[in-house]
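One-letter residues, chain by chain:
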Amino acid sequence: MKTHILATGMILAALLGSASAQDLVKFHGVTAQGGPTAQMFPVFMAQEQGFYEEEGLDVVLNYSKGSSDAARQLAAGNVDWGIFSSAATMQAVQRGFPLKSIMQIYYPDTFDIVVPVDSEIQSMADMAGKTIGASDLAGGEVPMTRASIVESGLREGSDVKIVVAGEGDATTVRSFEQGRIQAFASAKRDLLLLPVQGISVRSITPEAIARFPGDALSVRAETFDKDPELLVKFVRATLKGWAWGMANDEDAFELLKTKYAAASLGDNPVAPEFWDLVKSYYTAPDGVAQHGTFLPDAWDFYMTYLQLGEGEQQALAGPVDLASILTDEIVVKAWESLDLAPAQ
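Residues numbered from 1 in each chain as written. Predicted model: local features only at pLDDT ≥ 70, side-chain atom pairs only at ≥ 80, totals over all residues. Heavy atoms only, no water.

A. View of the packing of aromatic side chains. Within this structure, the stated rule accounts for 15 aromatic pairs. Seen from their ring centres, Trp81 and Phe234 are 4.7 Å apart, and the 40 degrees between their planes marks the pair as tilted. With Trp81 in strand 5 (residues 81-84) and Phe234 in helix 10 (residues 228-247), the pair connects residues that are 153 residues apart, well separated along the chain. When its relative accessible area of 2% is taken as the criterion, Phe234 is described as buried. Note on Trp242 and Trp335: the rings are 6.3 Å apart at their centroids and 85 degrees apart in plane angle, and the pair reads as edge-to-face. One end of the pair, Trp242, is in helix 10; the other, Trp335, is in helix 16 (residues 329-338), and 93 residues separate them in sequence. As far as the burial class goes, Trp242 and Trp335 line up, both buried. Grouped by ring-pair contacts, the aromatic residues Phe41, Tyr106, Phe253, Trp275, Tyr281 and Tyr282 constitute a single cluster. Looking at Lys100, its charged tip hangs above the ring of Phe224, at a distance of 4.9 Å from the centre. (Phe/Tyr/Trp six-rings, centres within 6.5 Å; stacked < 30°, edge-to-face > 60°. Helix = DSSP H or I, 4+ residues; strand = E, 2+ residues; numbered from the N terminus. Buried < 20%, exposed > 50% of the residue type's maximum accessible area, 1.4 Å probe, protein only. Lys NZ or Arg CZ within 6 Å of the ring centre and 35° of its normal.)

B. Representation of the packing of helix 5 (residues 86-94) against helix 14 (residues 296-306). Two numbers describe how helix 5 lies on helix 14: the axes approach to 10 Å, and their chain directions differ by 65 degrees. Comparing their axes, helix 14 and helix 5 come out roughly perpendicular. Handedness of the crossing formed by helix 5 with helix 14: right-handed. For the pair helix 5 and helix 14, the contacting residues are Ser86, Ala87, Thr89 and Met90 in the first and Trp299, Tyr302, Met303 and Leu306 in the second. Tallied by class, residues from the contact of helix 5 with helix 14 come to six nonpolar, two polar and no charged. (Axes fitted to C-alpha atoms, helices over the stretch in contact; angles between N-to-C directions. Parallel < 35°, antiparallel > 145°, perpendicular 65-115°, else oblique. Left-handed = near helix turned anticlockwise from the far one by under 90°. Contact = heavy atoms within 4.5 Å. Nonpolar A, V, L, I, M, F, W, Y, C, P; charged D, E, K, R; others polar.)

C. Just the side chain of Gln33, in detail. One can find Gln33 in the loop between strand 2 (29-31) and helix 2 (41-48). Those residues within four positions of Gln33 in sequence are excluded, and the remaining contacts are Gln39, Tyr63, Ser64, Tyr106 and Asp215.

Written out as structure tokens, the structure is:
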């Protein structure tokens, strides 16, 4: 695995002068997550290490009911920035809400579809006449699940149903045990909880779906046009938080387990496994020279799938102009102003 790690000393050498509390600019955001999660560790570490304050920013992370809800909050002007799925970003733009995605937060899609290890189901094609549970019908797992259904030559509704079935918790377990669902789609974090509750699982997500991109940082187009330097400050501090967490992963994990217990699953036996999973999300694939820049081909690939199907199954009515949505400008400027080259 390739990772981009910055030494703590190098980061500290790049820090800017701190601003007094009364000078801080409010810059609040929302994530697709329903509560604290280690997946947002760059934000938490930037807050804990004072990186936002040193950029003159008052940053607060709010939570939502899923990617669609987070995108709506951003589009409505309730927050200044949002971190949510690429599907929700493209859908919002198609509905007439101009957004700019300025940073790839993590690279792989964080959702999966699983069945019990002893299930007769070997692939999505075997799900005909069966039901998939999901943690939230407004979450990012639903577009991924619908794309998986289409990829397998099935139709949602007539062939496969999607129902709400918990978040890898007791509700999900009961749904499996009672035969209400035969597969479960959710964030990989939630899926880690199933084995410790007695249900070992394996993935049936089609291989092609694994190419879908993960969540991105988006702002309204008017924010991008009005104050790009503010965005550079925010992204720069967030990159520092990411770099500090990756370079000091044991300290970061200890902080997550104590101050952010809910984010790291606390004393749950799978907490270390979850932290390793999160770090893999933040390990950029080959071809990415600067963490946070986009892989437009991955977005274009996903956009193709989102246009397949009919009715509700068709997440996008047609293509969107990705060139007008995705921009590396802010991330590149943030790296330049850090005057640091990411270690290979």
